[in-house]
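So you can see what is in the structure, the chains are spelled out below.
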Amino acid sequence: MKRILINICMCAGTLGLLMSGCTKVLKETPRATFTPQYFQTQNGVVGGLTALYAHLRNIYGNAYYWNMCQCGTDETTWGQSGGSGSNFQAQDYSVPGVHPIPTLSDAGQLWGNTFPYINTASGVIQYGLAAKVSPALLAEAHFFRAHDYFLLVQTFGGVPLDLGSGRLKFNTSTARGSVRDSVSIVYTKCIFPDLDTAVANLPSTQRVVGAVTKQTAQLFLAKAYLTYGWWLQNPNAIPSYPVESGSPRTDPDGHDPSWYFQQAYNIAVSAIENPGPFGLQPTYYDVNVATNDYNNECMLYSDHTQQSTQYNVSSLTYGAGGTPDNWSGWFQTWSYPTITSSSSSSSWSGVNSVQRASVQWGGRPWVRNAPPIEVFTKTFADKTDDSRYDGTFTTVYRCNMKEAGLPYSQLYNANDLPISEGSAVLSFLNNDTAGIDYSNSVYKSSVGAGVLPGRADYVIAPSAFNRIVYPGIWKLGPYRTDNNGGLGNPNAGSTRPYTGAKFSELFFIAAEAAVKGATTTAVTGKYANDGTPAGLINVIRARAGKWKFSNAQNQPYVADFSAQMVAATPATITVGYILAERSREFYGEGYRFYDLVRTQRFGMDNQEGYNYGTYTIGGIAYGNHTPIVNTRTITPQLYLQPIPQGQIDAMDLSPAAKAAYQNPGY
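Notes on the structure follow.

1. Digging into the overall build of the chain
Stage number 1. Counting secondary structure elements, the chain contains 22 helices and 17 strands.
Stage number 2. Its C-alpha atoms give the chain a radius of gyration of 25 Å, within 12% of the compact-globule value 26 Å for 666 residues.
Stage number 3. Structurally, the chain occupies a C-alpha span of about 80 × 60 × 50 Å along its principal axes.
Stage number 4. Sorting the 666 residues of the chain into buried and exposed places 62% on the buried side.
Stage number 5. Intrachain contacts of the chain at a sequence separation of at least 6 include 73% that bridge at least 24 residues.
Stage number 6. By element, 52% of the accessible surface of the chain is carried by carbon and sulfur atoms, the whole surface being about 22800 Å².
Stage number 7. Taking the average place of the 45 positive charges on the side chains of the chain and the average place of its 45 negative ones, the gap between the two points comes to 5 Å.

2. Points about helix H3 (residues 63-70)
Stage number 1. Taking burial as the measure, the eight residues of H3 include seven buried ones, the bulk of the element.
Stage number 2. If you check which residues of H3 are buried, you get Ala63, Tyr65, Trp66, Asn67, Met68, Cys69 and Gln70.
Stage number 3. Of the residues that open H3, the one with a side-chain oxygen 3.0 Å from the backbone nitrogen of Tyr64 is Asn62.

3. Description of the sheet that holds strand E11 (residues 458-460)
Stage number 1. One open sheet holds the three strands; their spatial order is E7-E10-E11, and the pairing between them is mixed. With one partner strand each, in any of the chains shown, strand E7 (396-398) and E11 form the two edges of the open sheet. Within this sheet the neighbouring strands show an average axis-to-axis angle of 10°, counted without direction.
Stage number 2. In terms of strand pairing, E7 meets strand E10 (residues 424-428) through three bridges, oriented antiparallel. Bridging across to E10, Val396 finds its partner in Ser427.

4. Observations regarding the pattern of salt bridges
Stage number 1. Applying the stated criterion across every chain yields a total of 23 salt bridges.
Stage number 2. For the salt bridge of Glu140 with Arg207, the shortest nitrogen-to-oxygen distance reads 2.5 Å. Of this pair, Glu140 sits in helix H7 (residues 135-156) while Arg207 sits in the loop between helix H8 (183-201) and helix H9 (214-233), and the two are 67 residues apart along the sequence.
Stage number 3. Assessed through its relative accessible area of 42%, Arg207 is described here as partly exposed.

5. As for the packing of aromatic side chains
Stage number 1. Evaluation of the coordinates by the stated rule reveals 56 aromatic pairs.
Stage number 2. A ring pair is formed by Tyr397 and Phe428, whose centres lie 6.1 Å apart and whose planes are at 75°; its orientation type is edge-to-face. In this pair, Tyr397 is assigned in strand E7 and Phe428 in strand E10, connecting sequence segments 31 residues apart.
Stage number 3. Exposure remark for Phe428: the relative accessible area of 3% places this residue in the buried category.
Stage number 4. Geometrically, the ring pair formed by Phe503 and Tyr527 is tilted, given 5.7 Å between the ring centres and 50° between the ring planes. Of this pair, Phe503 sits in the loop between strand E13 (498-502) and helix H16 (505-515) while Tyr527 is found in the loop between H16 and helix H17 (533-544), placing the two residues 24 residues apart along the sequence.
Stage number 5. A relative accessible area of 9% means that Tyr527 is categorised as buried.
Stage number 6. The side chain of Arg467 reaches across the aromatic face of Trp78, ending 3.8 Å from its centre.
Stage number 7. Of note, Arg584 hangs over the ring of Tyr577, and the distance from its end group to the ring centre comes to 5.9 Å.

Conventions and cut-offs
- Residues numbered from 1 in each chain as written.
- Predicted model: local features only at pLDDT ≥ 70, side-chain atom pairs only at ≥ 80, totals over all residues.
- Heavy atoms only, no water.
- Helix = DSSP H or I, 4+ residues; strand = E, 2+ residues; numbered from the N terminus.
- Rg over C-alpha atoms; globule rule 2.2 N^0.38 Å.
- Buried < 20%, exposed > 50% of the residue type's maximum accessible area, 1.4 Å probe, protein only.
- Contact = heavy atoms within 4.5 Å.
- Areas by Shrake-Rupley, 256 points an atom, 1.4 Å probe, with all protein chains shown as cover.
- Lys, Arg positive; Asp, Glu negative; His and termini not counted.
- Charge placed at Lys NZ, Arg CZ, Asp CG, Glu CD.
- Polar contact = N/O pair within 3.5 Å; in protein donor to acceptor, adjacent residues only side chain to side chain.
- Pairing = 2+ DSSP bridges.
- Axes fitted to C-alpha atoms, helices over the stretch in contact; angles between N-to-C directions.
- Salt bridge = Lys/Arg side-chain N within 4 Å of Asp/Glu carboxyl O.
- Phe/Tyr/Trp six-rings, centres within 6.5 Å; stacked < 30°, edge-to-face > 60°.
- Lys NZ or Arg CZ within 6 Å of the ring centre and 35° of its normal.

Okay, here's the thing in structure tokens:
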């Protein structure tokens, strides 16, 4: 199959809905606006679909959207460089009186980068038949319209289906009004019908590498059914907006929550049994190692390339930090280049022994976010059998003086012991260890790390992690093949694809639907299991027990702890346990806000041993190793993000209508 490099962004009028993030980069006849006539040609349909694939880069890999999805959850808090008055503290909800507001919310990244493309998708759908293209091609537009509305409705509640020319119609009007549809209408009149069409008409094989397929649509349809089932059930009475008629919530199609949970289960299992080109990689390491990008576990991704600035649509040498760069990995990367060793054993002479590099363990440090200590002590408590901790974090930072061109063959580090190229300079320990000396009175760690007798590497134990020094997210790190033995271009955005959907999630969707009451059936095929929540989860846990490489040791490590992983699975699977497993599998990938909102655990304490409402972490100084308890204050209204102020200001509505357009509490 041919891989298509995309470098165009085309938008259409959206009735006052924000159009940020759209640039004209196709030098040959750039288009800022699509027309009905253009969509009635084959070139118009292909051009519209190309724009829809390209716009994924405005969402997946967009670091501010990533921050909205991560910060304020049990996976992520604000970091040293995301301090006072920032959007990072606002999204974290842990600073008294500080939370997202219409002028300070990262949710605006999603709002502004979806509506123009929703309109593009509607144009392809409405006029594409005249171009005599196949239903499979039009089904791709149905998928993307549903995809964008699904993200929007989970984030903001009800949103407008009518952009000016009628519900789900292509809009060319310049009118500046807008009316939000209810959550149930968005699901039942758009998301479900569009995904049904996509499932029915998309092929099981990709027309080009990266194109959506029947199975991709099935994953999103199953997840949408699961999410809507929770919304209908509303166990914790979380308010929605616009306010729905009827109490309890009623479905316009007459189904109850159990019907939707059953549909979610059935569709997810069908995709597992008939995976097409997709499947699970042999090990968790294989899923995330950059040399294996574009593997068959990745079902949807925003693409990038190191081959061409034009087709990457961003610099290959220096990223400005914005759309469409893939720069999410920067935010939770600490400033590891501040680590120093000594060029002399007799007197301290500081040398930056770990320098910024365009390699997966490194990348560009922005220190905007940090992981709470509970990530290491609770979520990833098992670091021996379960390979997912090692396959998620960079826990050992090694000397790269050769790549940096430093004139040394040997340096001196903790305990004045010698280190060389590739030696561990700083290690984040798996568990708290007695005898660590953090005083720095003798060995001068530049980052407040401690020493253990006989070890040449500085060490930090989990209870001493803080907002400025912590393990980085290895799985999101950059990768280039043009470093040529040097440090490469670590200041550029990552040229790796950013994955937005994985085959492995189907197992979690089916398991969660079963916990919510769906009738289970035995799963056949390659991933055969009994179809129960435990059976489904154990497929994933068994894979997590298989090792082929140790990032911490930086060497091959072949081991199989599948039996131990399965044996440790509880007999009764709860929603809380599924959430914990989802965090181990998808940590830092942008799922967490939606997972906690869907299951109504956002900001709530003590669910199956995991504390979502409070967390501990040290301060913002290198030597601060005292864990501080932080409490998040998340009221039910904060389950919905604010409509961006720019959207409110752009509409030609009365002040009262504008106020009513905004979500309550903002």
